Amino acid sequence: MMHKLGELVQRIDAPLSDHLKKQEIEYAHFSFSWMNCLLLREFPLHLSVRIWDTYFAEVESISTFHVYVCAAFLCHFSAELRRRDFQDILLFLKDPPTASWSLQQIDVLLSQAFLWKSLYENSPKHLGADRH
């Protein structure tokens, strides 16, 4: 899932992906807990419940949609992350500024994830190293 997240971010937001590579940030540095805890640590509980409600409503795999939610979450902070160096990126991603987020912001995040899933999930040539 972390590898797929990296491929997805490369396709969606190449400048962010390139910056993370330049700073030698591995997706395992920050996304391991995102994948295992389903973003519970990154959001207040009432927002996590909203995210999980969407996961359970997904007809297909929760884990598939979760990767797109993580990509939308990471790309949401793209401009901020591209101004930071290795240490600041990791500190930022370990404690992202989501305490004051609203349900509306979560809905936008989930909508973005759904859009990307619709565009990329069944189009394997959009992802992976062979994009020529």
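Once a new chain begins, its residue numbering starts again from 1 and follows that chain's sequence as written. Local features in a predicted model are, by the rule used here, given only for residues with pLDDT of at least 70; side-chain atom pairs are given and counted only at 80 or more, and totals for whole chains, interfaces and linings are based on all residues. With hydrogens and water excluded, all non-hydrogen atoms of the structure serve as input to the side-chain values.

Undergrad: Can you lay out the overall build of the protein for me, pointing to particular residues and giving the numbers?
TA: Counting from the N terminus, the helices are the DSSP runs of H or I reaching at least four residues and the strands are the DSSP runs of E reaching at least two. Counting secondary structure elements, the protein contains 8 helices and 0 strands. In the protein, the succession of helices and strands from N to C terminus is α-α-α-α-α-α-α-α. Relative to the 2.2 N^0.38 estimate, which gives 14 Å for 132 residues, the radius of gyration of the protein is 14 Å and therefore close to what a compact globule would have. In terms of principal-axis extent, the alpha carbons of the protein reach across some 35 × 35 × 25 Å. When the 132 residues of the protein are sorted by exposure, 44% land in the buried category. Within these notes, the globule rule equals 2.2 Å times the number of residues to the 0.38 power, and the radius of gyration is based on C-alpha atoms. Accessibility here uses a 1.4 Å probe with only protein chains present; expressed as a share of the type maximum, an area under 20% marks a residue as buried, one over 50% as exposed, and anything in between as partly exposed.

Undergrad: Talk me through the nonpolar core; I want residue IDs and the actual numbers.
TA: Counting residues in hydrophobic clusters, the biggest one holds 38 residues, and the most contacted among them are Phe43 and Leu74. Secondary-structure elements contributing two or more residues to this core are helix H1 (2-12), helix H2 (14-22), helix H3 (27-37), helix H4 (45-57), helix H5 (62-76), helix H7 (86-94) and helix H8 (103-120). The element best represented in this core is H5, accounting for 10 residues. Contacts between residues were defined by any pair of non-hydrogen atoms, one from each residue, lying within 4.5 Å. Residue contacts for Phe43: discarding those within four places in its chain leaves Ser48, Ile51, Phe73, Thr98, Trp101, Ile106 and Leu109. What we call a nonpolar core is a set of buried Ala, Val, Leu, Ile, Met, Phe, Trp, Tyr and Cys residues that are connected through their side-chain atoms within 4.5 Å.

Undergrad: I'd love a proper account of the packing of aromatic side chains, names of residues and values included.
TA: Two rings belonging to Phe, Tyr or Trp (six-membered ring only in the last case) form a pair when the distance between their centres is within 6.5 Å. Interplanar angles under 30 degrees mark stacking, angles over 60 mark edge-to-face geometry, and anything in between is tilted. Going through the model one piece at a time under the given rule, you end up with 10 aromatic pairs. Summarising the aromatic geometry, the rings of Tyr27 and Phe30 are spaced 5.3 Å apart at their centres and angled 50 degrees between planes, so their arrangement reads as tilted. Of the two residues, Tyr27 and Phe30 both sit in helix H3, 3 residues apart, roughly one turn of that helix. With centroids separated by 6.1 Å and ring planes inclined at 35 degrees, the aromatic side chains of Phe77 and Trp101 adopt a geometry described as tilted. Here Trp101 lies in the loop between H7 and H8 and Phe77 lies in the loop between H5 and helix H6 (78-82), a separation of 24 residues in the sequence. When its relative accessible area of 7% is taken as the criterion, Phe77 is described as buried. One aromatic cluster is present, formed by Tyr27, Phe30, Trp34, Phe43, Phe73, Phe77, Phe92 and Trp101 through successive ring pairs.

Undergrad: How would you summarise the packing of H3 against H5 if you had to cite specific residues and measurements?
TA: Each pair of packed helices can be summarised by the angle the axes make with each other and by the distance between the axes. Put simply, H3 and H5 touch, their axes get as near as 11 Å, and they point 125 degrees apart. Considering the angle they form, H3 stands oblique to H5. In the crossing of H3 with H5, the sense of the turn from one axis to the other is right-handed. Each of Tyr27, Phe30, Trp34 and Met35 in H3 lies in contact with H5, whose residues at this interface are His66, Val67, Cys70, Phe73 and Leu74. Axis definition: a line fitted to C-alpha atoms, limited for helices to the stretch in contact. Angles are taken between N-to-C directions and run from 0 to 180 degrees. Throughout this description, any angle smaller than 35 degrees is read as roughly parallel, any larger than 145 degrees as roughly antiparallel, any in the 65 to 115 degree range as roughly perpendicular, and the remainder as oblique. Helix crossings are classified by the rotation of the near helix relative to the far one: an anticlockwise turn of less than a right angle makes the crossing left-handed, while a clockwise turn makes it right-handed.

Undergrad: Account for a nonpolar patch on the surface, with residues named and values stated.
TA: Each patch is built from residues lacking any salt bridge and having more than 30% relative accessible area; the joining distance is 9 Å for like charges and 5 Å for nonpolar side chains (Val, Leu, Ile, Met, Phe, Trp, Tyr). All accessibility values rest on the Shrake-Rupley procedure with a 1.4 Å probe; residue burial counts only the protein chains present in the view. Definition used for salt bridges: Asp or Glu carboxyl oxygen within 4 Å of a side-chain nitrogen of Lys or Arg. A surface patch of nonpolar side chains, amounting to about 270 Å² of accessible area, comprises Leu40, Leu45 and Val49. Mapped onto the elements, Leu45 comes out in helix H4.

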